[in-house]
Amino acid sequence: MGKYAIHTKWEWPDGVPSADTMQGWHREFKSQTKAEDIIWFQIDENTHQSVIIFSSEADAKSELEMRQKQREQSINETGHKMVEETMGPVLSIMSEV
């Protein structure tokens, strides 16, 4: 398969932003990434998680520095924090079998 996934969990001190706000961030970022998709989902009032799917591990690694800089900037602006990050090769995607 070759695809690669990054999963993160985030805490927001003043609550998870609205869906409209998060979709706006996706619209701004979409042309800057090689990611096939980025999915953000709410866990509770102050927590969201994300999954980023790349075509390859090489694509994911090529954007590591950019991702880190973007995270630092947004953390400074909003005060949220990442509490977990995991990554690895995708084993299966139901829509592709």
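In this text the structure is predicted, and so the values were computed from the model without any measurement. (Residues numbered from 1 in each chain as written. Predicted model: local features only at pLDDT ≥ 70, side-chain atom pairs only at ≥ 80, totals over all residues. Heavy atoms only, no water.)

A. Spatial organisation of the overall build of the protein chain. Scanning the protein chain from terminus to terminus reveals 3 helices and 4 strands. Of the regular secondary structure in the protein chain, the N- to C-terminal order runs β-α-β-β-α-α-β. Expected size for 97 residues packed as a compact globule is a radius of gyration near 13 Å; at 14 Å, the protein chain falls within 12% of this value. Across its three principal directions, the C-alpha atoms of the protein chain cover 40 × 25 × 25 Å. In the protein chain, the share of contacts with a sequence separation of at least 24, taken over all contacts with a separation of at least 6, comes to 72%. Surface exposure of the protein chain reaches about 6,500 Å², of which carbon and sulfur atoms provide 51%. The average position of the 10 basic charges and that of the 17 acidic charges among the side chains of the protein chain differ by 4 Å. (Helix = DSSP H or I, 4+ residues; strand = E, 2+ residues; numbered from the N terminus. Rg over C-alpha atoms; globule rule 2.2 N^0.38 Å. Contact = heavy atoms within 4.5 Å. Areas by Shrake-Rupley, 256 points an atom, 1.4 Å probe, with all protein chains shown as cover. Lys, Arg positive; Asp, Glu negative; His and termini not counted. Charge placed at Lys NZ, Arg CZ, Asp CG, Glu CD.)

B. Focus on a nonpolar patch on the surface. Together, Ile-39, Phe-41 and Ile-43 line one region of the surface with nonpolar side chains, adding up to about 260 Å² of accessible area. By the secondary structure assignment, Phe-41 is in strand S2 (residues 37-44). (Patch = residues over 30% accessible without salt bridge, like charges linked within 9 Å, V, L, I, M, F, W, Y side chains within 5 Å. Salt bridge = Lys/Arg side-chain N within 4 Å of Asp/Glu carboxyl O.)

C. Expanded view of helix H1 (residues 19-29). Every buried residue belonging to H1 is among Met-22, Gly-24 and Phe-29, and all of these are buried. Buried positions in H1, seen along its axis, are confined to an arc of 155° and lie on one side of it. Turned more than 90 degrees away from the buried face of H1, the exposed residues are Asp-20 and Arg-27. Looking at the buried residues of H1, the elements they touch are S2, strand S3 (47-54) and helix H3 (64-78). (Buried < 20%, exposed > 50% of the residue type's maximum accessible area, 1.4 Å probe, protein only. Arc of directions from axis to C-beta.)

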